[in-house]
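The primary structure of each chain is shown beneath.
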Amino acid sequence: MALQCGIVGLPNVGKSTLFNCLSNAKAQSANFPFCTIEPNVGVITVPDERLNKLAELVNPQRIVPTTVEIVDIAGLVKGASKGEGLGNKFLANIRETDAILHVLRCFDDDNITHVDGSVNPIRDKEIIDYELQLKDLETVESRIQKVQKQAQTGGDKTAKATYEVLVRFKEALEQGKSARTVTFEKKDDEKIARELFLLTYKPVLYVCNVDEASAVSGNKYVEQVRDAIKEEEADLLIVAAKIESEIAEFETYDERQMFLSELGLEESGVARLIKAAYKLLNLETYFTCGVQEVRAWTYLRGSKAPQCAGVIHTDFEKGFIRAEVIKYDDFIQYGSESAVKEAGKMGVEGKEYVAQDGDIMHFRFNV
């Protein structure tokens with residue numbers, strides 16, 4: 001199953017508007033298709049200028065971009081951790097995702113009613129954080145009851161390590177902090193922490209939905225959010241959903257770019273959001289180039305060459321012999337695979353080679 005980012009937020013913060021912009025193919029940087037798996041899940045192409053540049057040099061029959069899955073998660077009400085409203089569905093949907101895009105309303109508009117009567121992104125953030133933290137605390141306390149005796153009286157090292165990780169999470173959650181604020185030095189502890197599947201341990205990107213005037217540099221609300229997330233392992237992105245809706249209406253790429261230039265933006269907020277979601281999921285891209293197709297492939301950061309080969313087909317991984325690797329910059333500089341080879345710039349890598357973002361790879365394998 002593909003990795004997924006879930007969009008969360010209170011009512012009327014712009015969550016659905018952003019999802020609709022993401023699901024509109026015209027909002028992308030090139031004319032790649034968008035498809036819907038089910039009503040609230042979108043498979044969205046990842047804008048990548050490198051793919052287009054490679055295609056210009058190779059002139060392939062087709063171009064295949066890579067994708068990321070975005071899930072529009074049901075709304076939240078106070079008491080969700082206890083099952084209020086759609087709380088149980090909301091929490092279950094978040095648990096199934098791999099990362100969170102948390103949309104916060106950072107604009108004033110008397111025509112759009114706020115569920116709590118006033119614009120306050122910090123309060124909004126805290127409402128969702130509180131519900132997720134309560135659910136995580138419930139999970140942690142339940143797990144502690146199961147492993148505590150074994151950890152304290154037995155010789156089970158795994159139980160002891162798990163117990164210590166759980167205690168650290170419990171302390172943070174009881175202080176009103178998200179699990180992601182807890183850091184671990186040992187890789188084994190990190191692995192235990194990940195396998196607990198806590199809601200607030202998932203990577204998060206805070207998406208500040210602003211008005212048109214604040215699209216480039218943000219506003220006071222954005223600065224409040226930036227200050228509030230200092231302790232978290234989290235990034236922040238500024239997007240003006242209303243503008244994104246207008247951009248999506250333009251028919252051509254050139255029209256969209258002209259509109260963005262007038263606003264002082266280099267690329268659309270939707271494009272930046274998709275790229276950020278891709279990065280948040282710890283994903284990177286390698287390319288295959290040929291006259292039949294130029295294609296982008298997704299792999300987990302840190303993967304070795306055989307695992308990357310397996311993304312194309314499991315036989316490639318099983319029978320992996322070697323990978324012929326060209327660096328993206330070298331391909332652009334020399335203009336073709338043959339020219340890169342003549343310049344002695346193509347590397348031949350074995351099973352221990354760790355793929356680098358932007359690599360152009362050709363795999364040799366034996367079935």
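Whatever comes next refers back to the structure up there.
Here the structure is a predicted model, which means the values were calculated and not measured. (Residues numbered from 1 in each chain as written. Predicted model: local features only at pLDDT ≥ 70, side-chain atom pairs only at ≥ 80, totals over all residues. Heavy atoms only, no water.)

### Some remarks on the packing of helix H4 (residues 121-153) against helix H5 (residues 157-174)
Stage number 1. Put simply, H4 and H5 touch, their axes get as near as 8 Å, and they point 150° apart. Regarding H4 and H5, the two cross each other, and that crossing is left-handed. Across the interface between the two elements, Gln133, Asp136, Leu137, Val140, Glu141, Arg143, Ile144, Val147, Gln148, Gln150, Ala151 and Gln152 from H4 touch Ala159, Lys160, Thr162, Tyr163, Leu166, Val167, Phe169, Lys170, Leu173 and Glu174 from H5.
Stage number 2. Among the residues forming the contact of H4 with H5, the class breakdown is 11 nonpolar, 5 polar and 6 charged. (Axes fitted to C-alpha atoms, helices over the stretch in contact; angles between N-to-C directions. Helix = DSSP H or I, 4+ residues; strand = E, 2+ residues; numbered from the N terminus. Left-handed = near helix turned anticlockwise from the far one by under 90°. Contact = heavy atoms within 4.5 Å. Nonpolar A, V, L, I, M, F, W, Y, C, P; charged D, E, K, R; others polar.)

### Overview of the pairing of strand S10 (residues 293-300)
Stage number 1. As paired strands, strand S4 (residues 62-64) and S10 are joined by 3 bridges and run parallel to one another. In the sheet register, valine 64 faces S10, and the bridge partner there is arginine 295.
Stage number 2. Note: strand S9 (residues 283-289) against S10, 7 bridges, orientation antiparallel. If you follow glutamate 284 over to S10, its bridge partner there is tyrosine 299.
Stage number 3. In sequence, S9 turns back onto S10 through a hairpin of 3 residues. (Pairing = 2+ DSSP bridges.)

### Details of the environment of lysine 170
Stage number 1. Relative to the helices and strands, lysine 170 resides in helix H5.
Stage number 2. Between the C-alpha atoms of lysine 170 and threonine 139, which are 31 residues apart in sequence, the distance is 9.7 Å.
Stage number 3. Setting aside its immediate chain neighbours within four residues, lysine 170 contacts Leu137, Val140, Glu141 and Ile144.

### Quick word on the environment of phenylalanine 365
Stage number 1. With respect to the helices, strands and loops of the structure, phenylalanine 365 is situated in strand S13 (residues 360-365).
Stage number 2. Through-space distance from the C-alpha of phenylalanine 365 to that of glutamate 317 is 7.8 Å; in sequence the pair is 48 residues apart.
Stage number 3. Aside from chain neighbours lying at most four places away, what touches phenylalanine 365 is Asp315, Phe316, Gly319, Phe320 and Ile321.

### Things to note about H4
Stage number 1. Spanning 33 residues, H4 covers 46 Å between terminal C-alpha atoms, matching the ideal 48 Å at 1.5 Å per step.
Stage number 2. In H4, a bend of some 45° at valine 147 exceeds every other bend along the element. (Expected span 1.5 Å × (residues − 1). Bend = angle between axes of the 7 residues up to and from the residue.)

### Points about unusual backbone geometry
Stage number 1. Unlike most non-glycine residues, phenylalanine 197 shows phi in positive territory, near 55°.
Stage number 2. Along the chain, phenylalanine 197 falls in the loop between helix H6 (187-194) and strand S7 (204-209).
Stage number 3. Of note, asparagine 282 is a non-glycine position whose phi angle comes to about 65°, a positive value.
Stage number 4. Judged by its relative accessible area of 31%, asparagine 282 falls in the partly exposed class. (Buried < 20%, exposed > 50% of the residue type's maximum accessible area, 1.4 Å probe, protein only.)

### Comments concerning the side chain of threonine 285
Stage number 1. Along the polypeptide, threonine 285 turns up in strand S9.
Stage number 2. In terms of polar contacts, threonine 285 uses its side chain to reach the side chain of tyrosine 278, at 2.7 Å.
Stage number 3. With sequence-adjacent residues up to four places away left out, threonine 285 is seen in contact with Asp48, Arg50, Thr66, Tyr278, Ala296, Trp297, Tyr299, Gln356, Asp357, Gly358 and Asp359. (Polar contact = N/O pair within 3.5 Å; in protein donor to acceptor, adjacent residues only side chain to side chain.)

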